[in-house]
Amino acid sequence: MATNQFLQNELTAVLGYEPHTRIDRSKGDVNYRNGTYTRTIDTEYGEINLTIPRDRLNKFQNALFPPYVRRTDGLEEMVIKMYSKGVTTREIADMVERMYSHYYSPTTVSNITKRTEHLVEEFHERRFKYSQYVCVFLDATYIPLRRGTVEREAVNVAIGIRSDGGKEVLDYSIAPTENGAAWSELLQGLRARGIKDIQLFIADGLVGLQSAIEANYPQVKFQRYWVHAEHNLLEYVRKNDRREIITDFKAIRQAENLQAAKERLAAFSAKWESSYKRRIKNLVQMEKLFTFFIFPTAIRQTIYSTNLIESFNKSLKKMV
């Protein structure tokens, strides 16, 4: 359990050395591990069993579960999520001191939280429970990361939707920029860890992405993000034309069937080509805009919309 591991990490921080380190116990002032005892805590999710470590000199008082307390106020959620949400080590140290009158230096907090890195590795290496997904959204968002200096890097995210409607983050990768090689490596990982069948990928038209998809899932269908196509179209549109173009463009994807959508696209092109020739040409030549029409009407909006993954990316940026 992550909570028990965190308690062990706390004791390591207090003692100043790792478990199984050989020490000279002949000196009377040497402190070392001295077994454990168990406690049961009632939480909002049910009972959890804690294994509380002891030290010989009785200097260790864990900051998370005060003595004799049998209930928590969501504290285990703080233990598991606080670091993952991007709270700085100094802020965590201050928070623990205010809440529990127990001071941890930022360096100590940093050393404790670094020991959760194996959870990240386990996420990237886990075998998938499900081998089939109806569709998978692929997108990248840029966030500032520190590698000596702070630079904005691409976080490539894959979110899958199963046939039962369940959604899950399948994997992510970090690269200096969004590129086909990074996506290819991510998709290879999905396939190697058990995802064998995907009906539809939904993504932007990044160069190299479609070839990466075809190499790993050759039978899959592909749908371009409509919102991205719309943004590209509107980038240089005059302000007084924007509302009308948005309305006309929206009408294309709301057509009853594929043939009607193509007819509306042709009409849209004829209406606006003289004013925005290059933009309209790019739109007309854009491939994989209408793949969603082969799916049931009830789920089409979910397919061409980017709401799902954009909401996730927004939450990710808020966390960091």
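Please read all numbers here as calculations on a predicted model, not as lab measurements.

Right, let's get into the pattern of salt bridges. In this structure the tally under the stated criterion is 10 salt bridges. In this structure, the salt-bridge partner of Asp 204 is Arg 224, at a minimum N-O distance of 4.0 Å. Taken together, the positions of Asp 204 in the loop between strand 6 (197-203) and helix 7 (209-216) and Arg 224 in strand 7 (residues 221-224) put the pair 20 residues apart, joining distant regions of the chain. According to the relative accessible area criterion, Arg 224 is buried, its value standing at 12%. Taking the shortest distance from any N to any O, the salt bridge between Lys 271 and Glu 244 comes out at 2.7 Å. Here Glu 244 lies in helix 9 (residues 239-253) and Lys 271 lies in helix 10 (residues 258-272), a separation of 27 residues in the sequence. Accessibility expressed as a relative area gives 41% for Lys 271, which makes it partly exposed. Here Glu 244 falls in the partly exposed class, since its relative accessible area comes to 38%. A cluster of three or more residues bridged by salt bridges with shared partners is formed by Arg 162, Asp 164 and Glu 168.

Bringing unusual backbone geometry into the picture now. Positive phi, close to 65°, is recorded for Lys 288, a residue that is not glycine. Within the element layout of this structure, Lys 288 appears in the loop between helix 11 (277-285) and helix 12 (297-304). Classification of Lys 288 as partly exposed rests on a relative accessible area of 39%.

Moving on to a negative patch on the surface. Among the surface-exposed residues, Glu 117, Glu 121, Glu 122 and Glu 125 lie close enough to one another that they form a single negatively charged patch. Judged by its relative accessible area of 58%, Glu 125 is exposed.

Before going further, it helps to examine the packing of helix 8 (residues 226-234) against helix 9. Following both chains from N to C, one finds helix 8 and helix 9 inclined at 150°, their axes separated by 11 Å at the closest point. In terms of their interaxial angle, helix 8 and helix 9 are classed as roughly antiparallel. Of the two elements, helix 8 crosses helix 9, and the hand of that crossing is right-handed. Packed against helix 8, whose contacting residues are Trp 226, Ala 229, Glu 230, Leu 233 and Leu 234, the element helix 9 presents Arg 242, Ile 245, Ile 246, Phe 249, Ile 252 and Arg 253 at the interface. Of the residues contributing to the contact of helix 8 with helix 9, the split by class is eight nonpolar, no polar and three charged.

Reading the values: rules and limits
Residues numbered from 1 in each chain as written. Predicted model: local features only at pLDDT ≥ 70, side-chain atom pairs only at ≥ 80, totals over all residues. Heavy atoms only, no water. Salt bridge = Lys/Arg side-chain N within 4 Å of Asp/Glu carboxyl O. Helix = DSSP H or I, 4+ residues; strand = E, 2+ residues; numbered from the N terminus. Buried < 20%, exposed > 50% of the residue type's maximum accessible area, 1.4 Å probe, protein only. Patch = residues over 30% accessible without salt bridge, like charges linked within 9 Å, V, L, I, M, F, W, Y side chains within 5 Å. Areas by Shrake-Rupley, 256 points an atom, 1.4 Å probe, with all protein chains shown as cover. Lys, Arg positive; Asp, Glu negative; His and termini not counted. Charge placed at Lys NZ, Arg CZ, Asp CG, Glu CD. Axes fitted to C-alpha atoms, helices over the stretch in contact; angles between N-to-C directions. Parallel < 35°, antiparallel > 145°, perpendicular 65-115°, else oblique. Left-handed = near helix turned anticlockwise from the far one by under 90°. Contact = heavy atoms within 4.5 Å. Nonpolar A, V, L, I, M, F, W, Y, C, P; charged D, E, K, R; others polar.

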